[in-house]
Amino acid sequence: MAKKSIQQILKQIICLCMIVIVLAPIVLTLFAAVKTKAAMTLSSPLLPPGLRILQWITLKRF
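Rules of the game
- Residues numbered from 1 in each chain as written.
- Predicted model: local features only at pLDDT ≥ 70, side-chain atom pairs only at ≥ 80, totals over all residues.
- Heavy atoms only, no water.
- Helix = DSSP H or I, 4+ residues; strand = E, 2+ residues; numbered from the N terminus.
- Buried < 20%, exposed > 50% of the residue type's maximum accessible area, 1.4 Å probe, protein only.
- Areas by Shrake-Rupley, 256 points an atom, 1.4 Å probe, with all protein chains shown as cover.
- Disulfide = S-S within 2.5 Å.
- Expected span 1.5 Å × (residues − 1).
- Bend = angle between axes of the 7 residues up to and from the residue.
- Patch = residues over 30% accessible without salt bridge, like charges linked within 9 Å, V, L, I, M, F, W, Y side chains within 5 Å.
- Salt bridge = Lys/Arg side-chain N within 4 Å of Asp/Glu carboxyl O.

Colleague: Looking at this model, I keep getting lost on the overall build of the protein chain. Mind explaining?
Modeller: The number of helices and strands found in the protein chain is two helices and zero strands. Taken across its 62 residues, the protein chain has 10% of its residues classed as buried. On the protein chain, roughly 5,500 Å² of surface is accessible, and the fraction owed to carbon and sulfur atoms is 76%.

Colleague: Sorry, what's going on with the state of the cysteines here?
Modeller: Each disulfide consists of a covalent bond between the sulfur atoms of two cysteine residues. As enumerated under the stated definition, the model contains zero disulfides in all. Between Cys17, a cysteine without a disulfide, and Cys15, which holds the nearest cysteine sulfur, the sulfur-to-sulfur distance is 9.3 Å. We classify Cys17 as partly exposed; its relative accessible area is 43%.

Colleague: Please explain helix 1 (residues 2-33) as it appears in this structure.
Modeller: Given 3.6 residues per turn, any residue in an α-helix points the same way as the ones three and four places further on. Relative to the 46 Å expected for 32 residues at 1.5 Å per residue, helix 1 spans 46 Å between its end C-alpha atoms, a close match to the ideal helical length. A bend of about 35° at Leu23 is the largest found in helix 1, and the proline Pro25 appears one to four places after it.

Colleague: Where do I start with a nonpolar patch on the surface in this structure?
Modeller: A cluster of nonpolar side chains, contributed by Leu16, Ile19, Val22, Leu23, Ile26, Val27 and Leu30, occupies part of the molecular surface with about 640 Å² of accessible area. You can see Leu16 is positioned in helix 1.

Below, the structure is given as structure tokens:
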């Protein structure tokens, strides 16, 4: 019984890692899409944009 539960936990951890690997580039692309060029140079592209920097106008070009 304990062996099955450990295997199940390992499967869930592996699945969660796969989900993060798939979703991370999508989230980073969305962060970059709503940042201005000035905001991209001032902060890391990995960080979400601040509320003052958030420019929905940049999304209109898509």
